[in-house]
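Examining the three-dimensional arrangement
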Amino acid sequence: MTLPLVAALTLAGCSDQNWRTTDVSEIMPPLDFSLVDEHGETVHAGDYAGKTTLLYFGYTHCPDVCPTTLARLSAATHQLDDELRDDVQVLFVSVDPARDTPEVMGQYADAFGPQFIGLTGETEQIDALTNRYRITYSYDEPDAHGRYDVTHSSAVFAFDPQGDAQLLLRDSDPLDNIVADIERLASQS
């Protein structure tokens, strides 16, 4: 082997070329939506450009998956240094707009930290976004008191500051891997 080839192979071995979570950069479209924020204002994906964005679909009445996932994302962002943490935002999009008003979404998201932003909208807006990222959800039959659960995905999508899809974070991913990938993604901005 020639010396330049050996040097290139050695240097390549020193850097982590692979993500620790699932790379979806080649199969998922860029972030694009029109929804309603916590203040009742219409917002678009471009309003959140410039930061690493984690996108999660759920609902505030969720008994288990949503609070667990959001708590894990909160724990992950708290492991980042202050500068990188400021470059990360979590968009929590409701799949239950009948109950999740902008005010409810704001209060719920605030409980997880300042990086969390609650978004809702009309069913058509939410469906456009869930269809874009191949997320499904469905409503269970209401009980005698009108309460119901919503079946939904626990996947979290990570986008770079330009809004390009990069990663899929799953609840089976170790927290250390999630932290490492969020840190790496935020460091690229």
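See above for the structure.
About the thresholds
- Residues numbered from 1 in each chain as written.
- Predicted model: local features only at pLDDT ≥ 70, side-chain atom pairs only at ≥ 80, totals over all residues.
- Heavy atoms only, no water.
- Helix = DSSP H or I, 4+ residues; strand = E, 2+ residues; numbered from the N terminus.
- Buried < 20%, exposed > 50% of the residue type's maximum accessible area, 1.4 Å probe, protein only.
- Contact = heavy atoms within 4.5 Å.
- Lys, Arg positive; Asp, Glu negative; His and termini not counted.
- Charge placed at Lys NZ, Arg CZ, Asp CG, Glu CD.
- Arc of directions from axis to C-beta.
- Pairing = 2+ DSSP bridges.
- Axes fitted to C-alpha atoms, helices over the stretch in contact; angles between N-to-C directions.
- Phe/Tyr/Trp six-rings, centres within 6.5 Å; stacked < 30°, edge-to-face > 60°.
- Lys NZ or Arg CZ within 6 Å of the ring centre and 35° of its normal.
- Core = buried A, V, L, I, M, F, W, Y, C linked by side-chain atoms within 4.5 Å.
- Polar contact = N/O pair within 3.5 Å; in protein donor to acceptor, adjacent residues only side chain to side chain.
- Expected span 1.5 Å × (residues − 1).

1. Section: the overall build of the protein
Scanning the protein from N- to C-terminus turns up six helices and 10 strands. Burial statistics for the protein: of 189 residues in total, 46% are counted as buried. Sequence-distant contacts, at least 24 apart, represent 72% of the contacts inside the protein between residues at least 6 apart. Here the protein carries 10 positive and 32 negative side-chain charges, and the mean point of each set is 6 Å from the other.

2. Here's the deal with helix 5 (residues 123-132)
Here helix 5 has its buried residues at Ile 126, Leu 129 and Thr 130. Angularly, the buried residues of helix 5 cover 95° about the axis, an arc narrow enough to put them on a single face. What points out from helix 5, more than 90 degrees from its buried face, is the exposed set Glu 124 and Asn 131. In the core, the buried residues of helix 5 are packed alongside strand 2 (34-36), strand 4 (52-58), strand 5 (88-94) and strand 7 (137-139). Where helix 5 terminates, the next one or two residues include Arg 134, which has phi positive at roughly 60°.

3. As for the sheet that holds strand 5
The six strands lie next to each other as 1-10-9-4-5-6, forming an open sheet whose pairing is mixed. Since the sheet does not close on itself, it has two edges, and those belong to strand 1 (22-23) and strand 6 (116-119), each with one partner. Sheet topology note: the strand 9 (residues 156-159)/strand 10 (residues 165-169) ladder contains four bridges and is antiparallel. By the bridge assignment for strand 10, Phe 157 is matched with Leu 168. Of the strands in this sheet, strand 4, strand 5, strand 6, strand 9 and strand 10 touch helix 2 (residues 65-78), which is tilted by about 165° from strand 4.

4. As for the packing of aromatic side chains
Scanning the entire structure with this criterion turns up nine aromatic pairs. With a centroid separation of 5.9 Å and an interplanar angle of 40°, the aromatic rings of Phe 112 and Phe 116 are classed as tilted. The same class applies to Phe 112 as to Phe 116, namely buried. Taken together, Tyr 56, Phe 92, Tyr 108, Phe 112 and Phe 116 form an aromatic cluster joined through their ring pairs. For Arg 99, the ring lying beneath its charged end belongs to Tyr 148, and the centroid distance is 3.7 Å. A cation sits over an aromatic face here: Arg 184 above Trp 19, 4.0 Å from the ring centre.

5. Quick word on the nonpolar core
If you look at the biggest cluster of nonpolar residues, it comprises 55 residues, and the most contacted ones within it are Phe 33, Leu 54, Leu 55, Leu 70, Leu 119 and Tyr 133. Other than its neighbours up to four places away in sequence, Tyr 133 contacts Met 28, Pro 29, Pro 30, Leu 31, Asp 32, Leu 55, Phe 157 and Phe 159.

6. Focus: the pairing of strand 5
Where burial is concerned, most of strand 5 is hidden: seven out of the seven residues are buried. Of the two faces of strand 5, the one holding Val 88, Val 90, Phe 92 and Ser 94 and the one holding Gln 89, Leu 91 and Val 93 are both buried throughout. Where strand 4 lies against strand 5, seven bridges are found, and the strand directions are parallel. The residue bridging Leu 55 from the neighbouring strand is Leu 91, located in strand 5.

7. Quick word on the side chain of Thr 53
With respect to the helices and strands, the residue Thr 53 is situated in strand 4. Side-chain polar atoms of Thr 53 contact the backbone oxygen of Lys 51, separated by 3.2 Å. The contact partners of Thr 53, leaving out residues within four places of it in the chain, are Leu 31, Tyr 48, Gln 89, Leu 91, Phe 157, Ala 158 and Phe 159.

8. Points about helix 6 (residues 175-187)
Given a rise of 1.5 Å per residue, 13 residues ought to cover 18 Å, and the 18 Å separating the end C-alpha atoms of helix 6 matches this to within 8%. Of the positions making up helix 6, those classed as buried are Ile 178, Val 179, Ala 180, Asp 181, Ile 182, Leu 185 and Ala 186. Elements that come into contact with the buried residues of helix 6 comprise strand 4, helix 2, helix 3 (82-85), strand 5, strand 9 and strand 10.

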